[in-house]
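Chain by chain, the residues run as shown.
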Amino acid sequence: MSQALDIDHWNLDCEFNNTDHHTDVNGVDRLIVRRGQPFTISLYLRSGNYQPGGSSLECIAETGPQPSEQYGTRASFGLSANIDTSCWSAAVTSPPGDMVTLSICSAPDAPIGRYTLSLGRSGRIEFILLFNPWCPGDAVYLDNEQSLTEYVLSQDGIIFRGSYKYPISTPWNFGQFESGILDVCLKILDMNPKYMANPGKDCSGRRNPIYVSRVLSAMVNCNDDKGVVLGKWTGGYEGGVSPMFWRGSVEILQNWDTHACQPVRYGQCWVFAAVACTVFRALGIPCRVVTNYLSAHDTNSNLVIERYIDENGQPISSGDMIWNYHCWVESWMTRPDLKSGFNGWQASDPTPQEKSEGVYCCGPIPVRAIKEGELTFKYDAPFVFAEVNADVITFMKKKDGSTSNVTSATTVGQKISTKSVGSDTREDITHLYKYPEGSDEEREAFEKAKHENKLLQRQHQNQGLHVAIKVTSDMRKGCDFDVFAVVTNNTLSDKLCRLVFGSCAVSYNGILGENCGFKDLLNVELSPGAERRVPLRLNYSKYGGLLTEDNLIRLAVLLFDYNTGESTLAVRNIVLDNPEIKIRVLGEPKENRKLAAEITLQNPLPEPLENCCFHIEGANLTGGRVISERLGSAVGPGENAKVKIYFTPSRSNSRLRKLVVNFDSNKLCHVKGYRNVIIGK
């Protein structure tokens, strides 16, 4: 009969285990391991020695408040000759003696979360178990070391905003390994309504990254639950801060945690996506933020965005909208619930737009399912398909109440973008969501999705009169500049037209502001083959006080052909450049050595800037907090705002870290910049 090991004390070897499991960036003061991969602990016996075949140890691993073997939240196992990485197992790897090296492995599909592990009657240890994208048996396995570094281990990144003609890189501090953030992420899981209703079943569901993705999609917004961020797209930001204020996820998650899970005010799509990306990466699911330019919000699921304008080309509001851009996340996992071929990147959208199964969440849906037009696949395929493929039909409402069709060449789903692996450049991933326009594969996907009207619409576009909007490359906030309507007569007859050229401030999600400049030409003559350029001057004195924080102006040209009665519309959003923030790090960056960042911004406006303030933060650079420096005086036109801010890097490793900088003032707000820093030993 075997003798139970009599354990006196133990060593969890946290530094060795956490490093081996790629969790040492969380710290080495507690045991954090990944599923399906062995970890090692040292047991020191009170009496007796370990003897192969003559010693026993009963191990019980439990997670959640109601652990049960039926739910997979409790596992009992004894000593084996060798570790079995396909299930919970334990094996001794040391020779006989009074110190035992015990190797333990969790099942590769075990629920993630906080665990207790009972070692016979004399030992009880605690650890955290995460998803393991390094383990071939895990549903989130990703077989590419560079991708794992980018999509799991990287604590900062780039989110693309601006417009599809002019994507703008916005730095973001994900900070998933900053002190306390993993605990906040686990708390998010514990605050979700499914856990409240049935904690045993919810903890069991945490074995499945599909389930966890869906929970996180709902919990990052607060529309149905004690979620993290409250969205706001109109009006002021009383009781909170502008979504443009945030530079990273850490402060948001800390605020939610320390204020009794009250929602953080306020967020918009890139904030929801970035916070979700932080939580996914913290839990071990490879994740990236994606931007879709000219993103459709189809409220009635007919795959058509219906836009209405008046006879001056001014938009009339409707439920359907086209967002200048929209951000969501993709996470990497297998989809055993679907037919084969749909593993890999899955789109999830934590921005609360439409309900899914009664809750404001969206996804996960395989990106390939969107490309193939598989709209019956789980979850929420029609909504995401419409975001990148919806048809746009424009109607003119006339004074007599009648409506007429307007030719318009707007195409949604442009330049779908994410940060490249290993660099700050933009990777265009449109081809993962859509086949090339006009290809046989695109036709097949649209027919499968019952979206043939898009193909028909394309065949009936007006080839006679063509109108486009051209701009100059130098459109900086604070400057006066021209934009141009370019009209071409591709017919064989003379044309007499009315041209209405308007501009107005617009938010990134398509909500229109006031007029920034307007021109109405009643008699534009065009001979066959002729081209006419019509300029519109945009003056800072007019647009400066109307711009939203997005720095966007909507340009629209409506061309009315007196001969045929047909109307053609061209729309383009332009984004005005903010000034560059120049960042110089003084001294050699080393662990625990105080550094200074010299930060400079030149005032581009023809008026002084007051209440100027710089903020900096960065993973392992600023100690998980935001450091601010306010200027004592106003900065005149053309003058420099300049500060020196001190910070102390806390960890060294060979990876780049981003020092993210934000500038605010009374007239120029939320200007972002960053500097890559490598911390030496």
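Since the model is a prediction, treat every value here as computed from it, not as a measurement. (Residues numbered from 1 in each chain as written. Predicted model: local features only at pLDDT ≥ 70, side-chain atom pairs only at ≥ 80, totals over all residues. Heavy atoms only, no water.)

Asks: Can you help me understand the overall build of the chain in this one?
Replies: Counting secondary structure elements, the chain contains 14 helices and 40 strands. Relative to the globule expectation of 26 Å for 681 residues, the C-alpha radius of gyration of the chain, 29 Å, shows essentially globular dimensions. Viewed in the frame of its principal axes, the chain has a C-alpha envelope of about 105 × 60 × 40 Å. With 681 residues in all, the chain has 56% of them scored as buried. Long-range contacts, defined as pairs at least 24 residues apart, comprise 67% of the intrachain contacts of the chain with a sequence gap of at least 6. With an accessible surface of roughly 27,300 Å², the chain has 47% of that area assigned to carbon and sulfur atoms. Positive and negative side-chain charges in the chain, numbering 70 and 77 respectively, have mean positions lying 3 Å apart. (Helix = DSSP H or I, 4+ residues; strand = E, 2+ residues; numbered from the N terminus. Rg over C-alpha atoms; globule rule 2.2 N^0.38 Å. Buried < 20%, exposed > 50% of the residue type's maximum accessible area, 1.4 Å probe, protein only. Contact = heavy atoms within 4.5 Å. Areas by Shrake-Rupley, 256 points an atom, 1.4 Å probe, with all protein chains shown as cover. Lys, Arg positive; Asp, Glu negative; His and termini not counted. Charge placed at Lys NZ, Arg CZ, Asp CG, Glu CD.)

Asks: So what exactly am I meant to see when it comes to empty space enclosed by the protein here?
Replies: In this approach the atoms are scanned with a rolling probe the size of a water molecule, which exposes any empty space left behind. Within the structure shown, the criterion is met by 4 cavities of 30 Å³ or more. In this structure, the largest cavity occupies an estimated 70 Å³ of space. Taken together, Glu150, Tyr151, Gly157, Ile158, Phe174, Arg281, Arg288, Val289, Thr418 and Lys419 make up the full set of residues lining the largest cavity. Going through the elements one at a time, helix H2 (145-153), strand S13 (156-163), strand S17 (287-297) and strand S25 (414-419) are the ones with two or more residues in the lining of the largest cavity. Classifying every residue of the lining of the largest cavity gives 4 nonpolar, 2 polar and 4 charged. (1 Å grid on protein atoms, 1.4 Å probe; cavity = no way out; pocket = protein on both sides within 12 Å on 5 of 7 lines; lining within 4 Å. Points joined across faces, edges and corners; volume = space filled by probe spheres on them. Nonpolar A, V, L, I, M, F, W, Y, C, P; charged D, E, K, R; others polar.)

Asks: Help me understand the packing of aromatic side chains in this model?
Replies: The geometry of an aromatic ring pair comes down to the distance between the two centres and the angle between the two planes. For the structure on display, the rule yields 23 aromatic pairs. Judged by centre distance (5.4 Å) and plane angle (80°), the rings of Phe245 and Trp246 are edge-to-face. The burial state of Phe245 is the same as that of Trp246; both residues are buried. Plain terms: the ring middles of Phe385 and Phe446 are 6.1 Å apart, the flat faces sit at 80° to each other, and that makes the pair edge-to-face. One end of the pair, Phe385, is in helix H10 (residues 381-389); the other, Phe446, is in helix H12 (residues 440-448), and 61 residues separate them in sequence. Taken together, Trp233, Trp270, Phe272, Tyr293, Trp323, Tyr325 and Tyr508 form an aromatic cluster joined through their ring pairs. When the ring centre of Trp345 is taken as origin, the NZ or CZ atom of Arg288, which lies over that ring, is 4.1 Å away. Just above the ring of Phe342 sits the side chain of Arg368; from NZ or CZ to the centre is 4.8 Å. (Phe/Tyr/Trp six-rings, centres within 6.5 Å; stacked < 30°, edge-to-face > 60°. Lys NZ or Arg CZ within 6 Å of the ring centre and 35° of its normal.)

Asks: How do you make sense of a nonpolar patch on the surface when you look at a structure like this?
Replies: On the surface, Leu496, Leu522 and Tyr562 cluster together into a nonpolar patch covering about 260 Å² of accessible area. Relative to the assigned elements, Tyr562 resides in the loop between strand S32 (552-561) and strand S33 (567-575). (Patch = residues over 30% accessible without salt bridge, like charges linked within 9 Å, V, L, I, M, F, W, Y side chains within 5 Å. Salt bridge = Lys/Arg side-chain N within 4 Å of Asp/Glu carboxyl O.)

Asks: Honestly, unusual backbone geometry in this entry has me stumped. Any pointers?
Replies: Glycine aside, the phi torsion of most residues is negative, and most peptide linkages are trans. In this structure, the amide linkage connecting Arg265 to the following residue, Tyr266, adopts the cis form with an omega of 10°. Here Tyr266 shows up in strand S16 (residues 264-267). The omega torsion across Lys378 and Tyr379 is -5°, close enough to zero to call that bond cis. Within the element layout of this structure, Tyr379 appears in the loop between helix H9 (367-372) and H10. The phi dihedral of Asn551 falls on the positive side, at around 60°, and the residue is not glycine. The class of Asn551 is buried, set by a relative accessible area of 4%.

Asks: Explanation requested: the sheet that holds strand S6 (residues 59-63) in the structure shown.
Replies: The strands that make up a sheet pair up through hydrogen bonds in the backbone, lying either parallel or antiparallel. Strands sit in the order S3-S12-S11-S6-S7 across an open sheet of 5 strands; the sheet is mixed. Lying at the two open borders of the sheet, with one neighbouring strand each, are strand S3 (32-34) and strand S7 (74-77). The sheet shows a mean angle of 30° between the axes of neighbouring strands, taken without regard to direction. Of the pairings in the sheet, the one linking S6 to strand S11 (residues 113-119) comprises 5 bridges and is antiparallel in character. (Pairing = 2+ DSSP bridges. Axes fitted to C-alpha atoms, helices over the stretch in contact; angles between N-to-C directions.)

Asks: Would you mind showing me how to read H2 here?
Replies: In an α-helix there are 3.6 residues to a turn, and that puts residues three or four apart on one side. Every buried residue of H2 is listed here: Ser147, Leu148, Glu150, Tyr151, Val152 and Leu153. N-cap assignment for H2: the residue whose side-chain oxygen lies 3.0 Å from the backbone N of Gln146 is Asn144. (Polar contact = N/O pair within 3.5 Å; in protein donor to acceptor, adjacent residues only side chain to side chain.)

Asks: Help me out: how do you make sense of the sheet that holds strand S28 (residues 481-489) in this one?
Replies: The antiparallel open sheet is built from 3 strands, whose spatial order is S27-S28-S31. Bordering the open sheet on either side are strand S27 (465-471) and strand S31 (531-538), each of which pairs with just one other strand. The average undirected angle you get between the axes of adjacent strands in this sheet is 20°. With 8 bridges joining them, S28 and S31 adopt antiparallel strand pairing. Counterpart to Phe481 in the pairing with S31 is Leu538.

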